[in-house]
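# Coordinates in review
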Amino acid sequence: MRYVDEFRDPELGRALAGEIVATMQPGCHYKLMEVCGGHTHSIYKYGIADLLPGNIELVHGPGCPVCVIPMGRIDDAIAVAQQERVIFTCFGDMVRVPGSDGTLLDAKAAGADVRMVYSPLDALRIAREYPEREVVFLAVGFETTAPSTALTLRRARDERVPNFSCLCNHVTIVPPLRALLESPDLRLDGFIGPGHVATVVGARPFEFIPRQYGRPVVIAGFEPLDVMQAIHMILLQLRDGRCQVENQYRRVVPYNGNPRALEVLAEVFELRPHFEWRGLGFISQSALRLSAAYADFDAERRYGVPGLRVADPKACQCGEVLKGVIKPWECKVFGTACTPERAIGTCMVSAEGACAAYYSYGRLTRERQLV
Amino acid sequence: MLVVEVDLAEALATCAAADGGRQLVQTDLVGPVSAGDKLLVHAGAAIALEGSP
């Protein structure tokens, strides 16, 4: 299949691994963050980490949209789902994310009408089919998924579907990256930039990283050779003393993003003054809410939500994993009390979570040879 | 996802995933598409036409 097979060629992968080793400076240890959970999965699914020497440490970033949702927002979602006449819709991952007193799946078992959908458009279809019910869509995700929510809300407004609303938890990627770069806990040498977010926002918003923090960024695709080429490009920048944003994923990512997507985002959403991130705390202007023009579709205004801040369980170290401070296998409950079947933390729930990736692909410990 | 059928008036397309599953996709953000085009789809909306950034 075009754009897939040529980026999974094992011979090219081995050759690229050789190029990576040849580009490394003797005795250097490189710590690179892959921002997006999709990259984390590619790295372990395709065995990329095994092709790299131990001097290249891959640190997993905060780019898993399900993982970063704090428990209080799940409690808010459950409170809305439990209201009379509500059909509560969400992506499949979200039904298993624990709140302080259970999951949306638990709420469904107790009688709430919770339904999994593939897209907000599916939720809008349900609203049309059940005009006597109130249909709420739980919106999560970065700038990649926010355009779909925005387009659907625009359709709901144009079609005058009054029984549809959205509980918005969309987040933006730049503020948490800035927070990580300001963190004294973490020393990073470069970033594998989020290819799909960049499809929407472009590569330009990441220019602050080389300019203000002196770290190279390479926007990357998600096939194994994409990720390896991005690592190679970062090492070339470090070797050559360059520091800039480069775009490895040029077959999809325009440097300035998708103008139509940016336009609909600006129309439907506005920035929240602050938003709580799991593990990262409150970050200013890091999330979206519905703009005044779409206030009638805002489930937070329609229903009112508890809005309480809830601390993570003490055993769960998702926060440290999301900040790249520890590896999943260093968490006290990883693979024992916390598994994909019975997750304590969000990083084990989501298909893009680092813990789920480590667990699914057998990364229970980590030893690699230094070069 | 591969575009199978297009509803230009509604800016919608029926698309096939690699596993053969079909999904209705909003195409407003990538402009008119044709059967056979390959789209990058997130949450039911196409955010890019692959190969033409």
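Per-chain numbering applies: the sequence of each chain, read as written, is numbered from 1 onward. In the order they appear in the text, chains get letters beginning with A and ligands get numbers beginning with 1. Two thresholds apply to this predicted model, a pLDDT of at least 70 for residue-level local features and 80 or more for giving and counting side-chain atom pairs, whereas whole-chain, interface and lining totals are computed over all residues.

### A few points about the overall build of chain A
The condition that has to hold: Helix and strand definitions here come from DSSP, where helices need a minimum of 4 consecutive H or I residues and strands a minimum of 2 consecutive E residues; each element is numbered from the N-terminal end. Each radius of gyration is computed over the set of C-alpha atoms, and the globule rule expresses the reference value as 2.2 Å times the number of residues to the power 0.38. The burial label depends on the number of other C-beta atoms within 10 Å of a residue's C-beta. Counts of 20 or more mean buried, 12 or fewer mean exposed, and intermediate counts mean partly exposed, with C-beta atoms placed from the backbone.
Per the secondary structure count, chain A includes 16 helices and 13 strands. What you see for chain A is a C-alpha radius of gyration of 21 Å, in line with the 21 Å of a compact globule of 371 residues. Dimensions along the principal axes, computed over C-alpha positions, put chain A at roughly 65 × 45 × 40 Å. When the 371 residues of chain A are sorted by exposure, 52% land in the buried category.

### Concerning the overall build of chain B
Put simply, the rule reads: For the purpose of contact definition, each residue receives a C-beta atom placed from its backbone, and two residues are in contact when these atoms lie within 7 Å.
Assigned secondary structure in chain B consists of zero helices and five strands. Over its C-alpha trace chain B gives a radius of gyration of 9 Å, about what one expects of a compact globule, namely 10 Å for 53 residues. Split into buried and exposed, the 53 residues of chain B put 45% on the buried side. Of all intrachain contacts in chain B linking residues separated by at least 6 positions in sequence, the fraction that spans at least 24 positions is 22%.

### Some remarks on helix 8 (residues 174-182) of chain A
All of the buried residues along helix 8 of chain A are A:P175, A:P176, A:L177 and A:L180. Turning to helix 8 of chain A, the residues buried within the fold contact strand 1 (30-36), strand 2 (56-63), helix 10 (208-213), strand 11 (274-277) and strand 12 (281-284) of chain A.

### Considerations on the packing of helix 7 (residues 146-158) of chain A against helix 12 (residues 259-268) of chain A
Residues and elements named next belong to chain A. Operational definition: To get an axis, a line is fitted to the C-alpha atoms, and for a helix only the part in contact is used. The angle between two axes follows their N-to-C directions and goes from 0 to 180 degrees. The sense of a crossing depends on the near helix, which, turned anticlockwise from the far helix by less than a right angle, makes the crossing left-handed and, turned clockwise, makes it right-handed. Lys, Arg, Asp and Glu make up the charged group, whereas Ala, Val, Leu, Ile, Met, Phe, Trp, Tyr, Cys and Pro make up the nonpolar group; the residues left over, Gly among them, are polar.
Contact geometry for helix 7 and helix 12: axes closest at 9 Å, N-to-C directions at 60°. In the crossing of helix 7 with helix 12, the sense of the turn from one axis to the other is left-handed. Of the residues in helix 12, those in contact with A146, P147, A150, L151, L153 and R154 of helix 7 are A261, V264, L265 and V268. Grouping the amino acids of the contact of helix 7 with helix 12 by side-chain chemistry returns nine nonpolar, no polar and one charged.

### Some thoughts on the confidence of the model for chain B
Let me state the cut-off plainly: Each residue carries a pLDDT score, the predictor's confidence in it, ranging from 0 to 100.
When pLDDT is averaged along chain B, the result is 91; 96% of the residues meet or exceed 70. Interface predicted TM-score (ipTM) for the complex: 0.92; the corresponding pTM is 0.92.

### Re the sheet that holds strand 8 (residues 217-220) of chain A
Residue and element names in this part refer to chain A. How we decide: DSSP bridges decide pairing: two strands pair if at least two such bridges lie between them.
Pairing within the open sheet is parallel, and its five strands lie in the order 2-1-7-8-9. Strand pairing shows two members of the sheet lacking a second neighbour, strand 2 and strand 9 (245-247), which therefore form its edges. Ignoring strand direction, the axes of neighbouring strands in this sheet form an average angle of 25°. Contacts from helix 11 (residues 224-240) reach strand 1, strand 2, strand 7 (190-194), strand 8 and strand 9 within the one sheet, and its direction differs from that of strand 8 by about 165°.

### Section: the environment of A:R125
Residue and element names in this part refer to chain A. Tracing the chain through its elements places R125 in helix 6 (residues 120-129). Under the C-beta neighbour-count criterion, R125 is labelled partly exposed, with 18 such atoms within 10 Å. Put simply, R125 and V135 are 10 residues apart on the chain and 9.6 Å apart in space, counted from C-alpha to C-alpha.

### Thoughts on the domain arrangement of chain A
Residues and elements named next belong to chain A. So the rule is basically this: Domain boundaries shown here were taken from an automatic or database domain assignment.
Considered domain by domain, chain A is made up of domain 1 (71-171 + 257-303) and domain 2 (318-356). Each of domain 1 and domain 2 has a C-alpha centre, and these two points are 25 Å apart. Between domain 1 and domain 2, the residue contacts involve seven residues of the former and 11 residues of the latter. Its residues placed into classes, the side of domain 1 that touches domain 2 shows three nonpolar, one polar and three charged.

### Some details on unusual backbone geometry
The backbone of A:Q285 shows a phi angle near 45°, a positive value even though the residue is not glycine. With phi around 55°, B:A43 is a residue other than glycine that occupies positive phi space.

### What to know about the interface of chain A and chain B
Each partner contributes to the interface: chain A provides 22 residues, whereas chain B provides 16 residues. Counting only elements with at least two residues in the side of chain A that touches chain B, the list comes to helix 6, helix 7, helix 9 (195-201) and helix 12 of chain A. Partitioned by chemical class, the residues of the side of chain A that touches chain B number 11 nonpolar, eight polar and three charged.

### Concerning the sheet that holds strand 5 (residues 134-141) of chain A
Residues and elements named next belong to chain A. If you trace the four strands from one edge of the open sheet to the other, you get 4-3-5-6, paired in parallel fashion. In this open sheet, the two edge strands, each paired with only one partner strand, are strand 4 (113-116) and strand 6 (164-170). Going across the sheet, the axis of each strand differs from the next one's by a mean of 25°, ignoring polarity. Pairing of strand 3 (residues 86-90) with strand 4 involves four bridges; the strand directions are parallel. Residue pairing for strand 4: F88 is matched across the bridge by V114. Across the sheet, helix 4 (residues 71-81) is in contact with strand 3, strand 4, strand 5 and strand 6; its angle to strand 3 comes to roughly 145°. Sitting on the sheet, helix 7 is in contact with strand 5 and strand 6, with an inclination near 160° to strand 6.

### Structural notes on the environment of A:E132
Relative to the elements of secondary structure, A:E132 occurs in the loop between helix 6 and strand 5. Under the C-beta neighbour-count criterion, A:E132 is labelled exposed, with 6 such atoms within 10 Å.

### Overview of the nonpolar core
Where we set the bar: Nonpolar cores are identified as sets of buried Ala, Val, Leu, Ile, Met, Phe, Trp, Tyr and Cys residues joined via C-beta atoms within 7 Å.
Formed by 138 residues in total, the largest nonpolar core has its most connected members in A:L138, A:I192, A:I231, A:C347, B:L39 and B:A46. By residue number, the principal contributor to this core is helix 11 of chain A, which donates nine residues. The residues that make up this core include at least three from each of domain 1 (71-171 + 257-303) and domain 2 (318-356) of chain A. Not counting residues within four places of it along the chain, the set of residues in contact with A:C347 comprises A:C64, A:C67, A:C318, A:V321, A:L322, A:P328, A:G353, A:A354, A:C355 and A:A356.

### Examining the pairing of strand 7 of chain A
Residue and element names in this part refer to chain A. Burial of strand 7 is extensive: five of the five residues sit out of reach of the surface. The pairing of strand 1 with strand 7 spans three bridges and is classified as parallel. Its bridge partner lying in strand 7, E34 is registered against I192. Of the pairings in the sheet, the one linking strand 7 to strand 8 comprises four bridges and is parallel in character. Its bridge partner lying in strand 8, I192 is registered against V218.

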